[in-house]
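# Summary of structural features
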Amino acid sequence: MRVYELAKQLGIPAKELAERIKLLGIKIKSHMSSLDADTAELVRQELEEEKEKAIAQNVIEVDFPLTVRELAVKLGRRPSEIVQILMRQGKMLNLNQTLEKELAVKIAYDYGFTLREKPKLETVYATAEKDSSSLSPRPPVVTIMGHIDHGKTSLLDYIRKSNITESESGGITQHIGAYQIELEGGKKITFIDTPGHETFTAMRARGANITDIVILVVAADDGVKPQTVEAINHAQAAKVPIIVAINKIDKNPQGVDMVKQQLSKLGLQPEDWGGKTIMVSVSAKTGSGIKELLEMILLEAEMLELKANYQRPALGIVLESKVSSGLGVVTSVFVQEGILHRGDVVVCGLHYGRIRNMYDDRKRALKEASPSSAVEIIGLNGVVSAGDKFFVVPNEKTARKIIEERKAESKIRQPQSAGGNLSSLWGEKEQKEFRIIIKADTYGTLEAIESLIKSIKLEEVNIQVLHKGVGSVNNSDIALAEASQAFVVAFRVSIESKARELAKQKKIQIKRYQVIYEVTTDIKAALEGMLEPEVKVVNLGRAVVKKMFNLSKVGTVAGCIVERGKVVRGAYCRVIRGEKIIANKSKIVSLKRFKDDVREVIQGIECGIVVSFSAVKEGDVLEVFEEEISARRINI
Ligand code: GDP
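Secondary structure summary: the protein contains 18 helices and 33 strands in total. Since a compact globule built from 636 residues should have a radius of gyration of about 26 Å, the 34 Å found for the protein marks it as more spread out than a globular shape. Counting only C-alpha atoms and orienting by the principal axes, one finds that the protein spans roughly 105 × 70 × 55 Å. Put simply, the protein has 636 residues, and 43% of those count as buried. Summarising the internal contacts of the protein: among those between residues at least 6 apart in sequence, 69% fall at separations of at least 24. Roughly 33,900 Å² of accessible area belongs to the protein as shown, and the carbon and sulfur atoms make up 50% of that amount. The positive charge centre, built from 93 side chains, and the negative charge centre, built from 84, are 6 Å apart in the protein.

Bringing the side chain of Asn309 into the picture now. Mapped onto the elements, Asn309 comes out in strand S12 (residues 307-309). Judged by relative accessible area, which is 2%, Asn309 ranks as buried. For Asn309, the side chain forms a polar contact with the side chain of Ser134, separated by 3.5 Å. At 2.8 Å, the side chain of Asn309 and the backbone nitrogen of Gln311 are in polar contact.

This part takes up the sheet that holds strand S8 (residues 188-192). Ordered in space as S7-S8-S6-S9-S10-S11, the six strands form an open sheet in which the pairing is mixed. Looking at which strands have only one partner, the edges of the open sheet turn out to be strand S7 (178-182) and strand S11 (279-281). Adjacent strand axes in the sheet meet at a mean angle of 30°, parallel and antiparallel pairs treated alike. Strand direction decides the pairing type here: strand S6 (residues 141-146) and S8, joined by three bridges, are parallel. Opposite Val141, over in S8, you have Thr190 as the bridge partner. Against the sheet, helix H8 (residues 152-162) touches S6, S7, S8, strand S9 (213-219) and strand S10 (242-247), its axis set at about 145° to S6.

To continue, consider the site of the ligand. Within the structure, the ligand sits among 15 residues, and Asp149, Lys152, Thr153, Ser154 and Asp250 are positioned closest to it. Asn247 places a side-chain nitrogen or oxygen 3.1 Å from an oxygen atom of the ligand. Here the ligand has 570 Å² of accessible area as a free molecule, and 71% of this is covered by the chains. For the shell around the ligand, the element with the most residues is H8, which contributes three residues. Residue classes in the shell around the ligand are distributed as two nonpolar, seven polar and six charged.

Further remarks concern a nonpolar patch on the surface. Taken together, the side chains of Val535, Val537 and Ile629 define a hydrophobic patch exposed on the protein surface, amounting to about 270 Å² of accessible area. With respect to the helices, strands and loops of the structure, Val537 is situated in strand S26 (residues 534-551). The class for Val537 is partly exposed, based on a relative accessible area of 44%.

Let us look at the packing of aromatic side chains. In total, this model carries three aromatic pairs according to the counting rule given. Between the aromatic rings of Phe434 and Phe487, the centroid separation amounts to 6.3 Å while the plane-to-plane angle is 35°, which identifies the pairing as tilted. Of this pair, Phe434 sits in strand S22 (residues 432-440) while Phe487 sits in strand S24 (residues 487-491); the two residues are 53 residues apart in sequence, bridging distant segments of the chain. The buried category is assigned to Phe434, whose relative accessible area is 10%. On the accessibility criterion, Phe487 (11% relative accessible area) is buried. One cation-aromatic arrangement involves Lys363 over Tyr359; the distance from NZ or CZ to the ring centre is 4.4 Å.

Ranked by size, the top nonpolar core spans 27 residues in total, and within it Leu155, Ile189, Phe191, Ile215, Leu293, Leu294 and Ile297 carry the most contacts. Broken down by secondary-structure element, the contributors of at least two residues to this core are S6, H8, S7, S8, S9, S10 and helix H12 (290-304). With sequence-adjacent residues up to four places away left out, Ile189 is seen in contact with Pro139, Pro140, Val142, Tyr179, Gln180, Ile181, Leu183, Leu294, Ile297 and Leu298.

Taken together, the seven strands give an open sheet; going across it, the order is S17-S16-S21-S13-S14-S20-S18, and neighbouring strands pair in antiparallel fashion. For this open sheet the edge positions go to strand S17 (351-354) and strand S18 (357-359), each flanked by a neighbour on one side alone. Strand-to-strand twist of the sheet, defined as the mean angle between neighbouring strand axes without regard to direction, takes the value 35°. Where strand S13 (residues 315-324) meets strand S14 (residues 328-337), nine bridges bridge the pair, whose relative direction is antiparallel.

In this section: the pairing of S17. Regular strands show a simple pattern: their side chains alternate between the two faces of the sheet. Alignment of strand S16 (residues 345-348) against S17, held across four bridges, turns out to be antiparallel. Paired with Cys348 across the two strands is His351, which belongs to S17. Taking the residues between adjacent antiparallel strands as the criterion, S16 and S17 are bridged by two residues, where Gly349 takes a positive phi near 55°.

Time to look at the domain arrangement of the protein. Entries for the protein in the domain assignment read domain 1 (3-57), domain 2 (59-117), domain 3 (141-305), domain 4 (315-412), domain 5 (432-530) and domain 6 (534-630). Averaged C-alpha coordinates put domain 1 and domain 5 at centres separated by 61 Å.

What counts, and at which threshold
Residues numbered from 1 in each chain as written. Predicted model: local features only at pLDDT ≥ 70, side-chain atom pairs only at ≥ 80, totals over all residues. Heavy atoms only, no water. Helix = DSSP H or I, 4+ residues; strand = E, 2+ residues; numbered from the N terminus. Rg over C-alpha atoms; globule rule 2.2 N^0.38 Å. Buried < 20%, exposed > 50% of the residue type's maximum accessible area, 1.4 Å probe, protein only. Contact = heavy atoms within 4.5 Å. Areas by Shrake-Rupley, 256 points an atom, 1.4 Å probe, with all protein chains shown as cover. Lys, Arg positive; Asp, Glu negative; His and termini not counted. Charge placed at Lys NZ, Arg CZ, Asp CG, Glu CD. Polar contact = N/O pair within 3.5 Å; in protein donor to acceptor, adjacent residues only side chain to side chain. Pairing = 2+ DSSP bridges. Axes fitted to C-alpha atoms, helices over the stretch in contact; angles between N-to-C directions. Near = heavy atom within 4 Å. Nonpolar A, V, L, I, M, F, W, Y, C, P; charged D, E, K, R; others polar. Patch = residues over 30% accessible without salt bridge, like charges linked within 9 Å, V, L, I, M, F, W, Y side chains within 5 Å. Salt bridge = Lys/Arg side-chain N within 4 Å of Asp/Glu carboxyl O. Phe/Tyr/Trp six-rings, centres within 6.5 Å; stacked < 30°, edge-to-face > 60°. Lys NZ or Arg CZ within 6 Å of the ring centre and 35° of its normal. Core = buried A, V, L, I, M, F, W, Y, C linked by side-chain atoms within 4.5 Å. Domains from an automatic or database assignment.

Spelled out as structure tokens, the structure:
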């Protein structure tokens, strides 16, 4: 192969290529010299690599999604040029329509640029970097779980009271979702107010898993009960270590062994029986064993090597938020990283504000709060949700900017109205929503169903589990289903009669199931119905228009010669004039050989073609293709 031929293939001037080949140390005389196949391949690879490196350095930062016009401006090209590129790929977009991220990136790449998403302000402040050099130890966060009446509240109360110093004992305590105790020697432990298993899991589902250690309370006089098992499942699902507190030993000291046996059967082997689970016998009434329990918590915490960055701006999780008369919005937050100060500007959900006041669980005003502590803050400009993440930003202006970014983003993500007009107006891909409410007989099945559903990932359909719970389907489920047009799954649970009536009235679909795979089969079928069918373009051939005829009966006929492949009646074609595509998808309405209608004409043969695009001219090229449409299938 000669150098100028290779240059043509690579789309660079021949002389330039010759120079670059010389730079690679390959001896040639000029662009007329020939290269053997291996050398040509080597040159090709070298140049490709060079190009890729250059592209990787040519970074343009943008905010996705981009409109066609915005992309053109960023690339320094005329918008019509981009429109044409898109047309060649079968995408008819106008200047103000947005294009898919992948497509924009590909077009930019072809022009020699790397498009990179501008880092959102939010990511700058809301990401907890795990740079080990800036990390220091933080107190453990403990959640107490277990069956009702086994003594969770009593245990928390005992620990709280016994760790309040004399000077504080008169003070009021207030509920802020969590509190911290300080033991002799200055070690601290944070306890989350018993949240109930559902809340624990709901927080986890939102990525707000703040618990480091679960204390599983089992009453020695009652043993393992359904909620004990449930608590174990939830803690294990969250991958949080469990310490067992066998409670009420003042009442039934003999019960301890029974509890240990029952727990062993569930996979929790006590340490003193050679297993791995720490079990401490306690009494929330007399206080026996509680000191040891706290020591065990500290020991476990040490093994977990819990750390936080105290140097960065604070961030954490909302525990509770409400409006309080006279005070405005009062929000309890849990600090995960950094030190939160009075006067800091905080962003949370779609709200923000400067912290005017900050209190601990004894209503003492604080100036700062460090990682693993919970405080009440006053100053947010709206109520936020439990589980929301909060973070500190340098000033209110930045806060407002981030909230604008968030609002813009949620607009994009919001389901489009049923009419779909909006979406075509904005040129955005319509995101369909499939919403589900799941009611099941146990938390275990509920989680199993949910995780199966969540494993279905589809670009066009957003699957949302709106609500889930254990127990029968009730009125509030139906109300929610109606409000959000959701489908209700009743898994091995009944439907309350009032709920059934309401569902009938409101035309809400409730389906009862006994087997998990039936749920997924149904959902799969429903989703497949929502998916756009897959369209595959099959190129058939190419014909060139030699002469246009006007026939009185048929209209304008293009006299063509089939250059490649075949032309088929009923198929589609692109009409190309020079470099431009002037019609993207035009139908071949009629096909003739002399005067006869035929179904297809093959390569090398002349024919008359009538296409639905009427402005065909002599010299135009018709690229003939067919579309294969197939229903999309989901694999679960
Ligand atoms: P929770 O539902 O798990 O929060 O349980 P509570 O803390 O409300 O306790 C349930 C009942 O058990 C209350 O009447 C407590 O007084 C009692 N209780 C809790 N711990 C102990 C204990 O160690 N010994 C005895 N005798 N009673 C206890």
